[in-house]
Amino acid sequence: MATSSSSSGRSSTFCLVKSSINIDETFLVPHIVRPGETISSSGLVSRPGGKGANVSAAIGLAGAKVSLSGAVGKDATWPIDELKARKVITDDVEILDGVPTGRAFIQIAEDGENSIVLLKGANFATDSSSADPSTAFTSNPQRQITHLVLQNEIPLQTTVAFLEYAKSDKAGNHITTIFNPSPMLSNAQVESFPWSSIDVLVVNEGESIELLSVLDQSAASKLESLATGEDKSRQVLEALSGLKQLSSTAWLVLTRGGQGVMANVQLADSASQRSFFNIPPFKPKQVRDTTGAGDTFAGNLVAALMGHNVDADEALTSSARPKREQFVKQALEWASRAASLACEKEGAMQSIPAADEVKAQAP
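The model shown is predicted, which means the values in this text are computed figures rather than measured ones.

Draft legend 1. Representation of the pattern of salt bridges in the model. Enumeration over the complete set of coordinates arrives at 13 salt bridges. The salt bridge involving Asp-311 is made with Arg-324; its shortest N-O contact spans 3.9 Å. Here Asp-311, found in the loop between helix H9 (293–305) and helix H10 (325–342), pairs with Arg-324, found in the loop between H9 and H10; they are 13 residues apart in sequence, far enough to count as distant. Judged by its relative accessible area of 37%, Arg-324 is partly exposed.

Draft legend 2. Examining the UniProt feature "binding site: ATP" (unreviewed entry) in the protein more closely. The positions UniProt marks with the feature "binding site: ATP" (unreviewed entry) are Asn-204, Thr-255, Arg-256, Gly-257, Gly-258, Gln-259, Gly-260, Gly-294 and Asp-295. Within the element layout of this structure, Gly-260 appears in the loop between strand S11 (251–255) and strand S12 (261–265). If sequence neighbours within four positions are ignored, Gly-260 has contacts with Thr-255, Ile-279, Pro-280 and Pro-281. Considering the arrangement of structural elements, one finds Gly-294 in helix H9.

Draft legend 3. Spotlight on the side chain of Arg-86. Assignment of secondary structure puts Arg-86 in the loop between helix H2 (78–85) and strand S5 (93–96). Leave out the neighbours within four places in its chain, and Arg-86 touches Ala-57, Gly-60, Leu-61, Met-349 and Gln-350.

Draft legend 4. Summary view of the sheet that holds S12. On the basis of which strands lie adjacent, the open sheet formed by nine strands has the order S5-S4-S1-S8-S9-S10-S11-S12-S13 and mixed pairing. Edge positions in the sheet fall to S5 and strand S13 (275–279), since each has one partner strand and no second. Across the sheet, the axes of successive neighbouring strands diverge by a mean angle of 15 degrees, strand direction being ignored. The sheet contact formed by S12 and S13 spans five bridges and is antiparallel. The residue bridging Met-262 from the neighbouring strand is Asn-278, located in S13. Contacting strand S1 (15–18), strand S8 (147–150), strand S9 (176–179), strand S10 (200–204), S11 and S12, H9 runs over the sheet at an angle of about 150 degrees to S11.

Draft legend 5. Seen up close, the packing of H9 against H10. Relative orientation of the contacting elements H9 and H10 amounts to 150 degrees, with a least axis distance of 8 Å. For the pair H9 and H10, the sense of crossing is right-handed. Along the contact surface, H9 presents Ala-293, Thr-296, Phe-297, Asn-300, Leu-301, Ala-304 and Leu-305, while H10 presents Phe-327, Ala-331, Leu-332, Trp-334, Ala-335, Ser-336, Ala-338, Ala-339 and Ala-342. Of the residues belonging to the contact of H9 with H10, the class tally is 13 nonpolar, three polar and no charged.

Draft legend 6. Quick look at the UniProt feature "binding site: K(+)" (unreviewed entry) in the protein. Per the UniProt record, "binding site: K(+)" (unreviewed entry) is annotated on Asp-289, Thr-291, Ala-342, Lys-345, Gly-347 and Ser-351. Separation in sequence by 63 residues is not matched in space for these annotated residues, since their most distant C-alpha atoms are only 9.5 Å apart. Note that Thr-291 resides in the loop between S13 and H9. By relative accessible area, Thr-291 is classed as exposed at 54%. In contact with Thr-291, not counting residues within four places along its chain, are Gly-347 and Ala-348. Of the polar contacts made by the side chain of Thr-291, one reaches the side chain of Asp-289; its length is 2.4 Å. Counting through the fold element by element, Ala-342 comes out in helix H10. The exposure class assigned to Ala-342 is buried, which follows from its relative accessible area of 0%. Setting aside residues up to four positions removed in sequence, Ala-342 forms contacts with Asp-289, Gly-292, Ala-293, Thr-296, Ser-351 and Pro-353.

Cut-offs used in this document
- Residues numbered from 1 in each chain as written.
- Predicted model: local features only at pLDDT ≥ 70, side-chain atom pairs only at ≥ 80, totals over all residues.
- Heavy atoms only, no water.
- Salt bridge = Lys/Arg side-chain N within 4 Å of Asp/Glu carboxyl O.
- Helix = DSSP H or I, 4+ residues; strand = E, 2+ residues; numbered from the N terminus.
- Buried < 20%, exposed > 50% of the residue type's maximum accessible area, 1.4 Å probe, protein only.
- UniProt positions renumbered as here; feature names shortened; annotations may be inferred.
- Contact = heavy atoms within 4.5 Å.
- Pairing = 2+ DSSP bridges.
- Axes fitted to C-alpha atoms, helices over the stretch in contact; angles between N-to-C directions.
- Left-handed = near helix turned anticlockwise from the far one by under 90°.
- Nonpolar A, V, L, I, M, F, W, Y, C, P; charged D, E, K, R; others polar.
- Polar contact = N/O pair within 3.5 Å; in protein donor to acceptor, adjacent residues only side chain to side chain.

See the structure below:
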C-alpha cells in the first residue's frame, strides 16, 4: 500500500471518542446455568472491554491521537491503565463514586453456547461532567478536535448532545462525525435521530436492514427475502444510499464479516453521486476469536480518515468528502487488514494489532 511520508495532514488531527468502558467477566462453564441451578466455573477471565474503549484502543494503536470520554466506578479503575498502555489519552475518563464500572457477565459453555448479562453502570451516568459535551470539547485548549466517534452503549441523549455540539458553531471548526449504531436504536429513536449530522456511518448487514425496516420498510422486506451474498449486500448498500435521511452522509460503510466490506462514498468533486467500493476480505491465518474484529475495523478506519497509514495529505480535516477514490480504497483496505489480524488472537482489546503489525502483513 502506498503511503505518503508527509505528516502535514495527520499531525493536525485529533479524535474524541464518546462511548463506553466495560469489564468483560467471562466464566467458563459446562453448560449455561439453568433457573435455580448453581454450577461451578472452570475458569474466569477479566478483560477490558466496551465498544468505546475498544475503538479508542484501535485508534491509538494505529498511531492517531485519541481521547476517550467516558466513566468508570471507583470499584474498578484498571481499564484506564489498559487504555493508557494502548496510547489512549484518558484525561476525559471520569471516576465516579457510588456507581460501578460497567460490566458484561459472560458464560461460555463447553459446546460454544454463550449468554451475557450487561451492567450499564457508570456508562449510563447522565449527571456526570463526562456527559456534558462542552466539558470534553473545551477542557484542553491545546487540542482541536477534528473527528468524533459515537456508538450506542451510552444514553442516546448524551450521544445526540455530543453530535449536535460537534456540528454547531461552538465547535469552531469542521468535525468529521463517525457513527456505529451498535446495538441498534429502537424504532422511535431511529425515526427521531439527527442522521443528517453523521458524516461516516459504519454498519453491518443486519444493522442496515434494521435501519431500513424503520426508514424504508418496503425495501427492507424485499432485502430480507434475498439469499446472503454479494448481490444482497450491494442492494442493501444501495437502499441505504437512497434514504433521504442519509443523503448528506459522505461515507456509507457496510461491513460483511469474513466476506469483506462495501462502501458508497461521496467524493469532493461529485457530492451528488457516490463511488462504489468492494474490498475483498483479508483472510486470517487462523481464526481464534472474532470478538474484537468490528471495533478494530472501525478504529483503524477512523485513524485512516485522520491521515494515518494512508496518504497523510488527504486526511479529512476540512470536509468529510475525500478527494480521490484511491484514498478511500487505502483506508478500507487498511482497516480490513487490521480486522483480519484481530481474528487471530483471543479477546477484544487484547487482539487489536498495532500499526507495525498491520504494515508487516502488507503485500
